[in-house]
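Chain by chain, the residues run as shown.
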Amino acid sequence: MDRTPTAPGQHLAAAHRRRRVVMLLFWAVVFGTAAIGNTLTTRIDAIRYHVPFETWHIVVNEFSSPLVSLALIPFLLMACDRWPLHADTWRRYLPYYVAASVLWCAGHVAGMDLLRMAAYALGGDAFDPGGLVLQFVYEYLKDVRTFFFIVALCHAVEWFGRQVVGEASLLAEPDDEAAPVEPVDRPERFLVRKLGRDFLVATADIEWAQAAGNYVNLRVRGRDYPLRSTLAALEARLDPVVFVRAHRSYVVRLAQVTSIEPLDAGEARLHMADGTVLPCSRRYREALRAVASGAEPAMAARA
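Peer 1: What is the right way to look at the overall build of the chain in this model?
Peer 2: For the chain, the count of helices and strands is seven helices and eleven strands. Counting only residues that meet the buried cut, the chain has 39% of its 303 residues in that class.

Peer 1: Any chance you could explain the packing of helix α2 (residues 55-82) against helix α3 (residues 90-122) here in plain terms?
Peer 2: Describing two packed helices takes the angle between their axes plus the distance from one axis to the other. Between α2 and α3, the shortest axis-to-axis distance is 9 Å and the interhelical angle comes to 145°. The hand of the α2/α3 crossing is right-handed. Considering only residue class, the contact of α2 with α3 consists of 14 nonpolar, eight polar and one charged.

Peer 1: Quick question: what am I supposed to make of α2 here?
Peer 2: Quick reminder: α-helices carry 3.6 residues per turn. Residues three or four places apart thus point the same way. Taking 1.5 Å of rise per residue, the 28 residues of α2 would be expected to cover 40 Å, and the 42 Å separating its terminal C-alpha atoms lies within 8% of that figure. Along α2, the sharpest kink reaches roughly 30°, centred on Ile 73 and followed within four residues by the proline Pro 74.

Peer 1: Mind showing me how you'd approach the nonpolar core here?
Peer 2: General note: in soluble globular proteins, nonpolar side chains tend to be found buried as a group. Membership of the largest hydrophobic core comes to 16 residues, with the highest contact counts inside it found for Leu 218 and Leu 234. At the level of elements, β2 (189-194), β5 (215-220), β6 (223-227) and α5 (231-237) are the ones that each hand at least two residues to this core. In terms of residues, this core owes the most to one element, β5, which gives three residues.

Peer 1: Help me out: how do you make sense of the environment of Ala 268 in this one?
Peer 2: Tracing the sequence through the fold places Ala 268 in strand β10 (residues 268-272). You can call Ala 268 buried: its relative accessible area is 4%. With 22 residues separating them along the chain, Ala 268 and Ala 246 place their C-alpha atoms 9.4 Å apart.

Peer 1: Help me out: how do you make sense of a nonpolar patch on the surface in this one?
Peer 2: There is a patch of nonpolar side chains on the surface, built from Trp 90, Leu 94 and Val 98 and spanning about 240 Å² of accessible area. Tracing the backbone through its elements, the reader meets Trp 90 in helix α3.

Peer 1: Looking at this structure, how should I read the sheet that holds strand β9 (residues 257-262)?
Peer 2: Two strands in a sheet stick together by hydrogen bonds in their backbones, pointing the same way (parallel) or opposite ways (antiparallel). Reading across the sheet, the three strands line up as β9-β10-β11 and stay open at both edges, with antiparallel pairing between neighbours. Edge positions in the open sheet fall to β9 and β11 (277-280), since each of these has one partner strand only. In this sheet, neighbouring strand axes are inclined to one another by 25° on average, regardless of whether the strands run parallel or antiparallel. Sheet analysis places β9 next to β10, joined by five bridges and oriented antiparallel. Within the sheet, the bridge partner assigned to Glu 261 lies in β10 and is Arg 269.

Cut-offs applied
Residues numbered from 1 in each chain as written. Predicted model: local features only at pLDDT ≥ 70, side-chain atom pairs only at ≥ 80, totals over all residues. Heavy atoms only, no water. Helix = DSSP H or I, 4+ residues; strand = E, 2+ residues; numbered from the N terminus. Buried < 20%, exposed > 50% of the residue type's maximum accessible area, 1.4 Å probe, protein only. Axes fitted to C-alpha atoms, helices over the stretch in contact; angles between N-to-C directions. Left-handed = near helix turned anticlockwise from the far one by under 90°. Nonpolar A, V, L, I, M, F, W, Y, C, P; charged D, E, K, R; others polar. Expected span 1.5 Å × (residues − 1). Bend = angle between axes of the 7 residues up to and from the residue. Core = buried A, V, L, I, M, F, W, Y, C linked by side-chain atoms within 4.5 Å. Patch = residues over 30% accessible without salt bridge, like charges linked within 9 Å, V, L, I, M, F, W, Y side chains within 5 Å. Areas by Shrake-Rupley, 256 points an atom, 1.4 Å probe, with all protein chains shown as cover. Salt bridge = Lys/Arg side-chain N within 4 Å of Asp/Glu carboxyl O. Pairing = 2+ DSSP bridges.

So this is what it looks like as structure tokens:
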């Protein structure tokens, strides 16, 4: 029997991967066209000013830089995923990006020089990079602009992607000066922003929540809404009698669980009302069963 659970939120992960592929293709086109243009203009200048510069030298010099940059971009995109810049994180993470820009330039210069040395050696010539310190300063003044433009564009694309899907946030304050309509510790609804419009999602409609990096995907009627939070922080805000931890990556609404299927080694699979199957780890299985049977949450946590 296949024990691999259906992966909710899979379309969000797939959309994220598609955006990453598009980003790589975009920069391949940008760097490639720039290299071709620079090669042609440099060759024209060499002919115009009678500079004895071989065409293959120009090709090597102009294409080695973008090739190394393209090789470094996937690592930069992973860093953007690991340390996203938001209103509440940019002060903490910006020094990381400044340090990363120095590493980016060092890797760019080293890779570029190694490619040129190898290509020149194959052509029976020798490449002299000149003073390395001066070269690094010169390249960094250019690289730092490219580096932060890539970072900014990456975050802008991700922001727009979340707006298309719908990004949730906790609605903790009323829209007017009337008395609050919900307790802060037990939010009754979330505000979902999608393409400039606001929608209210009731907590009672959440079927489960799945950890996804720096976000938690709220599952509501077959759709996933990313919430900028950790799963532990969200779990602390939800009613423990209604929402129960089933796995390190999942909190489920008990009313949506139709059956618990035992597996080997004490683990289980949760069959949800919509047909989705979620994992239940051994650590949380007995606590979930206890809460489902009506035990107090504190007692269930000790089960």
